[in-house]
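Working through the structure, step by step
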Amino acid sequence: MARMTTAERRGYHQICGQDGAMMVIACDQRGGMRTLLAADPEEQAKISNDVLGNTKADITRYLASQASCVLVDPICAVPQVVDEGVLSRDTALLIGLDASGWDVSPEGYRISKMVEGITARRVRELGGTGGKIMIYLRSDTPAANTRNMATLERVIADFASEDLLLVVEFLTYALEGESKETYATKIPELIQGGTRLCLDAGSKVLKLPYPGSPESCAEVTRLCGEVPWAILSAGVDHATFLQQVEIAMHNGASGVIAGRSLWKDCISLDRAVTRQRLETIAVPRLREIQAVIARYSAHHTRVA
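Now for a look at the structure at hand. (Residues numbered from 1 in each chain as written. Predicted model: local features only at pLDDT ≥ 70, side-chain atom pairs only at ≥ 80, totals over all residues. Heavy atoms only, no water.)

**Some thoughts on the packing of helix H8 (residues 180-200) against helix H9 (residues 214-224)**
- Two elements in contact, H8 and H9, have axes whose closest approach is 10 Å; the angle formed by their N-to-C orientations is 10 degrees. Taken as axis vectors, H8 and H9 run roughly parallel relative to one another. Contacts from Pro188, Ile191, Gln192, Thr195, Arg196 and Leu199 of H8 reach H9 at Ser216, Glu219, Val220, Leu223 and Cys224.
- Classifying every residue of the contact of H8 with H9 by side-chain character gives six nonpolar, three polar and two charged. (Axes fitted to C-alpha atoms, helices over the stretch in contact; angles between N-to-C directions. Helix = DSSP H or I, 4+ residues; strand = E, 2+ residues; numbered from the N terminus. Parallel < 35°, antiparallel > 145°, perpendicular 65-115°, else oblique. Contact = heavy atoms within 4.5 Å. Nonpolar A, V, L, I, M, F, W, Y, C, P; charged D, E, K, R; others polar.)

**Regarding the nonpolar core**
- In terms of nonpolar packing, the biggest core is built from 75 residues, with Ile25, Leu63, Trp229 and Trp263 touching the most fellow members.
- Per-element accounting of this core gives the leading share, eight residues, to helix H12 (residues 271-300). (Core = buried A, V, L, I, M, F, W, Y, C linked by side-chain atoms within 4.5 Å. Buried < 20%, exposed > 50% of the residue type's maximum accessible area, 1.4 Å probe, protein only.)

**Here we look at the side chain of Lys207**
- Mapped onto the elements, Lys207 comes out in strand S8 (residues 206-208).
- Engagement of the side chain of Lys207 in a polar contact is seen with the side chain of Glu169, the distance being 3.3 Å.
- With residues near it in sequence (within four places) discarded, Lys207 still touches Ala26, Leu71, Val167, Val168, Glu169, Phe170, Ala230, Leu232 and Ile257. (Polar contact = N/O pair within 3.5 Å; in protein donor to acceptor, adjacent residues only side chain to side chain.)

**As for the pattern of salt bridges**
- Tallied over the entire structure, the rule returns 20 salt bridges.
- The closest approach of N and O atoms between Glu43 and Lys46, which form a salt bridge, is 3.3 Å. Here the residue Glu43 and the residue Lys46 both occupy positions in helix H3 (residues 41-46), the gap between them amounting to three residues, near one helical turn.
- For Glu43, a relative accessible area of 39% gives the class partly exposed.
- Notably, a salt bridge pairs Arg222 with Glu219, separated by 2.7 Å at the nearest N-O pair. In this pair, Arg222 and Glu219 both sit in helix H9, three residues apart, roughly one turn of the helix.
- Given the relative accessible area of 56%, Arg222 is considered exposed. (Salt bridge = Lys/Arg side-chain N within 4 Å of Asp/Glu carboxyl O.)

**Some details on the environment of Ser88**
- For Ser88, the position within the fold is in the loop between helix H5 (80-83) and strand S3 (92-96).
- You can call Ser88 partly exposed: its relative accessible area is 26%.
- Considering only alpha carbons, one finds Ser88 and Thr60, 28 residues apart in sequence, at a separation of 8.4 Å.

None of the figures reported here should be taken as evidence of function without further support.
See the structure below:
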C-alpha cells in the first residue's frame, strides 16, 4: 500500500477542511458544463472557453470559498482564478489532467485522454496544491484497462518525481451490448475491482463513484486501508447524493469531491443569475453535505 510522503500529506491536509475531511468543489467539466448552459448542440458549440472560465470563476468565488478546495481544469480556469484573486487564500486548488470525452478502441473500450502539456511540474507552476487524473476502468475486462492503466502509472510516477499530491479518480461504463440492468448489477464489483487496480498502481488518494451499497462502501474502505477515498456525485440530484454521502461516510469514506449535484441547476449564461443561485441554492446544499461529513469525519477520516 502506497503511503504519502510528507509533502503529499501536507497537500492532502490542505484539500481537507478543519474537520479533517475532504470537501472539494469539482468544476473541471467542460463538455458537461456546456450541456448545462445550453440545450441545443449548436448553441453549446458557441460557448467559448472564456465563458466557461467565467462560470468556473463564479463557482470558485461563491461556492468553493465555502469549502476546503476547488477542482478546476487547466484549459479554462487557471491561471486566471489565481492571478485575478478569485481563489481564496484558504481554498486549496486541485488541477485536473484529463481531457473532455474519451477515445474508443477498436474493441469498443473507452480510452482516457489527458490534456497535452499538463504535467506535475506544470500543475505546480499553475499554483496547484495537487493534481487529479480520471481514467475509465472495467475491472472485469483486463483488455479494456491496458492503455488507461499505463497512463495512470505514468502520471503517478510523474507526480512522485515532483513529490506532489495526486488524486486518482476512475469511472466505470457499460460495454457495447451490455444492458442497463446487467451493468447496474455489476457496479459494486466494478467499483471494488477498480479500487484494487488503482491501489496496486500506487494511488494515495482516491475519488470514487458511489460504490452501490453500504456493504460495498465498507469493502472499499477495507481495501483502501490508510488510503483516503472521497465520493463523487456523478450529477445525481442533491437529495440522492446526500443519502449516498451519509452511507459512504458511515462506512469509512474520508470526504466528498462533488460538482454537478451542487451547481448543475445554478449555472446560467447570465452571470448575475449564476451568482444568485450559487448563493441561495448551492451554498445551502453544501452546508447540508458538510453537516453529514461533520458527524463522521472525526471517527472515519484517515490520513496515510
